[in-house]
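Below, each chain spelled out in residue letters.
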Amino acid sequence: MQRDSKIFNLIEQEALRQEEGLELIASENFTSKQVMEAQGSVLTNKYAEGLPNKRYYGGCQVVDLIEQEAIDRAKELFGANWVNVQPHSGAQANAAVMLGILNPGDRILGFDLSHGGHLTHGSHVNFSGKLYEPHFYGVEKETGLIDWEKVAEKAEEVKPKLIICGASSYSREWNYERLREIADEVGATLLADISHPAGFIARGLLNDPLEHCHIVTSTTHKTLRGPRGGIIMTREDFENPLGLKTPKGTIKTLTQALDGAVFPGTQGGPLEHIIAGKAIAFGEALTDDYFNYIMQVRKNAQAMAKEFLNRGYDIVSGGTDNHLLLIDLRSKGISGKEAENTLVKADITINKNMVPFDDKSPFVTSGMRIGTAAVTTRGMKEIDMARIVDMIDTTLMVRADERKLEDVKIEINEWMKEFPLYS
Ligand SMILES: *Cc1c(COP(=O)(O)O)cnc(C)c1O
């Protein structure tokens, strides 16, 4: 077959963009070559509906071993007793959890999207807000922090079936212990979505949600640095909250309900090439190298926070416990959209982001979200964070001057050569 040069040339262009630019999107990272090799392997050819040793297709003897290895490594990494590694993404993991334990119309209580939550936690544009009745808690205006007693009050008022904790742009620690008490008081199931800080949690650098939450979901491609995908985990099994019946009998436990909600509930055949990549990434995350990496991610985020504060930027909550910073740009008189569009001209990639109590639309926003997971993979340290902040500040200040933006871009492209990525 003729090689598809059009697409491969574009992939080459994207590789160059990644090599030459400064990647600060908090949800992105650079996965290892061996993870990519697994993703591009013959495993993509295999159908394997079902679970290891319980498949609906023949010829699964090899992929069974791969998927079981992924499950075992995830269990070890997170101290979980049950894991499903099949969700195609973080959104799919959350969809499966909700299908597995809720009835349509049930009330759910999640962290407000405009305060840092995720679309799949009840947004009206997402299945979670269309199929279920969404309610939200948020942060305090003065501190940018969640007040757990306010969450308790909200839960008491709403009486949700499911409480969701976890976020896409909240830089602080979660009180899973208090949230579990709240969930128990109102008879709710507690889900922690650790898509962003999963790497810190895996290596014990943030509170352990599995100790307190009934269910934990995550992506595998953010701080965890694996292939694009999702997982669902539990430490303890419980009675199935729905008491769901199947033609063959009753699904007795939560984990049986969750397995069924992934397949056949919301997905067809699992992506065994991605699952192989997940297994490799979990193995990598268990190493000392990864531990040093994820420690450095946080040191870098904290160094960056300090530099931004020194330059008079407002950071929501005043700092960070993880890999990300949410910066309120209103004091600098620039919108999130303008910041994103300006920085990209200098090959600095961030994303515009709503800040709590934002007065601008989600298409404009007053904030920018920055993360250190990707630049730390490239080998950058605290001293480099100071230079990054200097370059961001310069870029935003000279934003009307295209020539100066071009100068910053050239400087960045040169600098990135010191941190080779895949070459
Ligand atoms: C990124 C993210 C997701 C969704 O992950 P996808 O793989 O993009 O579907 C879900 N929840 C949270 C909190 C996230 O940050």
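None of the values given here were measured: they were computed from a predicted structure.

Caption draft 1: How the structure looks around the site of the ligand. Residues in contact with the ligand amount to 13 residues; listed here are only the nearest, G90, A91, S168, D193 and K222. Between an oxygen atom of the ligand and a main-chain N or O atom of A91, the distance comes to 2.8 Å. K222 is positioned such that a nitrogen or oxygen atom in its side chain is 2.8 Å from an oxygen atom of the ligand. When the free accessible area of the ligand is taken as 390 Å², the share hidden by the protein chains comes to 86%. Considering each element in turn, the shell around the ligand owes the most residues, three residues, to helix α4 (residues 90–101). Partitioning the shell around the ligand into residue classes produces two nonpolar, nine polar and two charged.

Caption draft 2: Geometry of the UniProt feature "site: Plays an important role in substrate specificity" (unreviewed entry) in the chain. Residues annotated by UniProt as "site: Plays an important role in substrate specificity" (unreviewed entry) correspond here to H221. Topologically, H221 is positioned in the loop between β9 (215–219) and β10 (230–234). On the basis of relative accessible area, H221 is assigned to the buried category, the value being 12%. In this structure the side chain of H221 is engaged in a polar contact, spanning 3.1 Å, whose partner is the backbone nitrogen of G229.

Caption draft 3: Molecular detail of the packing of aromatic side chains. Evaluation of the coordinates by the stated rule reveals 10 aromatic pairs. Measuring from ring centre to ring centre gives 5.6 Å for F111 and Y137, while their planes differ by 25°; the resulting arrangement is stacked. Note that F111 is positioned in strand β5 (residues 107–111) and Y137 in strand β6 (residues 133–137), a separation of 26 residues in sequence. Across the pair, Y137 and F111 agree in class, each one buried. For the pair F111 and Y170, a centre-to-centre distance of 5.5 Å together with 75° between the ring planes defines the contact as edge-to-face. Placement of F111 in strand β5 and of Y170 in the loop between β7 (162–165) and α7 (176–186) is noted, with a sequence separation of 59 residues between them. Its relative accessible area of 0% is what places F111 among the buried residues. An aromatic cluster of at least three residues, connected via ring pairs, comprises F111, Y137, W148, Y170 and W174. Positioned above the aromatic ring of Y293, the side-chain terminus of R225 is 4.0 Å from the ring centre. A cation over an aromatic ring shows up here: K332 above the ring of Y313, its NZ or CZ 4.5 Å from the ring centre.

Caption draft 4: Just the UniProt feature "modified residue: N6-(pyridoxal phosphate)lysine" (unreviewed entry) in the chain, in detail. Within this numbering scheme, the UniProt entry marks K222 as carrying the feature "modified residue: N6-(pyridoxal phosphate)lysine" (unreviewed entry). Under the relative-accessibility criterion, K222 is labelled buried at 10%. Those residues in contact with K222, other than ones at most four positions away along the chain, are S27, N29, S195 and H196.

Caption draft 5: Layout of helix α3 (residues 61–78). Relative to the 26 Å expected for 18 residues at 1.5 Å per residue, α3 spans 26 Å between its end C-alpha atoms, a close match to the ideal helical length. Among the residues of α3, V63, D64, E67, A70, I71, A74, L77 and F78 are the ones counted as buried. Across the axial projection of α3, the buried residues extend over an arc of 165°, all falling on one side. Residues of α3 that are exposed and point more than 90 degrees away from the buried face comprise Q61, V62, L65 and E76. Taken together, the buried residues of α3 touch β2 (50–51), β3 (54–55), β4 (82–84), α8 (198–202), β10 and α10 (272–285). Immediately downstream of α3, the backbone of G79 shows phi near 65°, a positive value.

Caption draft 6: Quick peek at the pairing of strand β14 (residues 324–328). Of all five residues in β14, five are buried; the element is thus mostly enclosed. Residues of β14 alternate between two faces, with L324, L326 and D328 on one and L325 and I327 on the opposite face, all of them buried. Judged from the two bridges that link them, strand β13 (residues 314–315) and β14 form a sheet pairing that is antiparallel. Bridge assignment links D314 to a residue of β14, and that residue is D328. As paired strands, β14 and strand β17 (residues 367–371) are joined by five bridges and run antiparallel to one another. The partner of D328 across the bridge, within β17, is G367.

Caption draft 7: How the structure looks around the sheet that holds strand β8 (residues 189–193). Pairing within the open sheet is mixed, and its seven strands lie in the order β4-β10-β9-β8-β7-β5-β6. Since the sheet does not close on itself, it has two edges, and those belong to β4 and β6, each with one partner. Adjacent strand axes in the sheet meet at a mean angle of 20° when their direction is disregarded. Contacts from α3 reach β4 and β10, with the element oriented near 125° to β4. Seen against the sheet, α4 touches β5, β7, β8, β9 and β10 and runs at an angle of roughly 155° to β9.

The rules behind each value
Residues numbered from 1 in each chain as written. Predicted model: local features only at pLDDT ≥ 70, side-chain atom pairs only at ≥ 80, totals over all residues. Heavy atoms only, no water. Near = heavy atom within 4 Å. Polar contact = N/O pair within 3.5 Å; in protein donor to acceptor, adjacent residues only side chain to side chain. Areas by Shrake-Rupley, 256 points an atom, 1.4 Å probe, with all protein chains shown as cover. Helix = DSSP H or I, 4+ residues; strand = E, 2+ residues; numbered from the N terminus. Nonpolar A, V, L, I, M, F, W, Y, C, P; charged D, E, K, R; others polar. UniProt positions renumbered as here; feature names shortened; annotations may be inferred. Buried < 20%, exposed > 50% of the residue type's maximum accessible area, 1.4 Å probe, protein only. Phe/Tyr/Trp six-rings, centres within 6.5 Å; stacked < 30°, edge-to-face > 60°. Lys NZ or Arg CZ within 6 Å of the ring centre and 35° of its normal. Contact = heavy atoms within 4.5 Å. Expected span 1.5 Å × (residues − 1). Arc of directions from axis to C-beta. Pairing = 2+ DSSP bridges. Axes fitted to C-alpha atoms, helices over the stretch in contact; angles between N-to-C directions.

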